[in-house]
Amino acid sequence: MQLKMNYYLTQMVKSYQSLTRETAKHIKLIMADVDGTLNTGGDQVSPSVSDAIYQLQKSDIAVGLVSGRTDPMLQSMAMSLKIGGPLIAENGAVARLTPHGNLVDLGYSRQPALKGLEKLKACYPGRIWEREDNQERMIDLVFRADGITPEKIKRCVGDVQVLDSTYILHLMQKGIDKGKTLKRLLGQMDGATIRPDEVLVIGDSMTDLSLFKLFPESVLVPNPNIPETDREILRDAARYISDYEAGEGFSEVALHIIHART
Ligand SMILES: [Mg+2]
């Protein structure tokens, strides 16, 4: 029985190197998470990531960002990396079809997150730390709650979504996720219809699970900070996995796709 279980575990996710030439040729858009995928935090990416993005776009693959970061943070990153694809900020709550395009009206509200945060502060006085960028956040709110388990947080906030990116905790209206928003954007692209199987999504944490579930070509970048139970869920949902972690993991997958297309 044990052997069989192990067999299934190894079948869950394949090396990115098994992504075929045919699949590589079909890809029109790569949507990348930022923290834990393109870098390990901060505003910079390594020269190899920046070069990989340049090479992808030169090979006619658009690159977009799909992150828990704020829209202004993603816009500035897109500008410095010269990215032309969609931007999805705040874990799917805020989006633009292009970095210079208008915000898409997704119809989401900030009220559930605000109410959840009030409840949390009442449940755990003096133990909830809001991050400064909440002022810039339109829908999703971020906080730290050191020493309080995710289960306790979820019980206290009630009908509000709690997400852990391993960098920060997020509170957001239920029903919003990165995958659903990306699907909505694909339906709104004028002139250049892109099917879900023509998109490659790449991410590292539970905030990317909806991308892995809704898009067949998905890559998990290993993140050592993810709890083992979540790692299993992610490995089960993603089609491919990179060898390296954040940054280098993205670059090796990008280069494999570029080479497979030629
Ligand atoms: Mg991440």
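Structural notes on the domain arrangement of the chain
- Taken domain by domain, the chain consists of domain 1 (15-106 + 176-261) and domain 2 (111-172).
- In this assembly, 23 residues from domain 1 lie in contact with 14 residues from domain 2.
- Summing both sides of the interface, domain 1 and domain 2 together bury roughly 1400 Å²; the carbon and sulfur share of this comes to 61%.
- Taken together, the connections running from domain 1 to domain 2 amount to zero salt bridges.

A word on the nonpolar core
- Within the largest apolar cluster, 65 residues are counted, with the highest numbers of intra-cluster contacts made by Ile30, Leu182, Val199, Phe250 and Ile257.
- A total of six residues in this core trace back to one element, the largest contributor, which is helix α10 (residues 248-261).
- Counting contributing residues per domain, this core is built from domain 1 (15-106 + 176-261) and domain 2 (111-172), each supplying no fewer than three.
- Among residues more than four places away in sequence, those in contact with Phe250 are Ile30, Ala32, Thr37, Leu38, Val49, Ala52, Ile53, Leu56 and Ile202.

Considerations on the coordination of the magnesium ion
- For the magnesium ion, every protein donor is listed as Asp33 (OD), Asp35 (O) and Asp204 (OD), and the spread of their distances is 2.1 to 2.2 Å.
- Mapping the donors of the magnesium ion onto the primary sequence yields the spacing D-x1-D-x168-D. Placement of Asp33 in the loop between β2 (29-32) and α3 (47-58) and of Asp204 in the loop between β10 (199-203) and α8 (209-214) is noted, with a sequence separation of 171 residues between them.
- Residue Asp204 is classed as buried on the basis of its relative accessible area of 1%.

Criteria and thresholds
Every chain's residues receive numbers from 1 upward, in the order its sequence appears when written. Since the coordinates come from a predicted model, pLDDT governs what is reported: local features require at least 70, and pairs of side-chain atoms require 80 or more to be given and counted, while whole-chain, interface and lining totals use all residues. The basis for the side-chain values is all heavy atoms of the structure; hydrogens and waters are excluded. Boundaries between domains were set according to an automatic or database domain assignment. Any two residues whose heavy atoms approach within 4.5 Å at even a single point are treated as in contact. Here the buried area means the combined drop in accessible surface, using a 1.4 Å probe, for two parts upon being joined, counting both sides. In the sections that follow, a salt bridge refers to a side-chain nitrogen of Lys or Arg positioned within 4 Å of a carboxyl oxygen of Asp or Glu. The nonpolar core is taken to be a set of buried Ala, Val, Leu, Ile, Met, Phe, Trp, Tyr and Cys residues, with the residues joined through side-chain atoms within 4.5 Å. The classification of residues rests on relative accessible area computed with a 1.4 Å probe and restricted to protein chains. Under 20% of the type maximum is buried, over 50% is exposed, and intermediate values are partly exposed. Secondary structure counts use DSSP, requiring at least four H or I residues in a row for a helix and at least two E residues in a row for a strand, with both numbered from the N terminus. For Na, K and Ca the donor cutoff is 3.2 Å, while for all other metals N, O and S atoms must lie within 2.8 Å; water is not among the atoms, so some sites may look incomplete.

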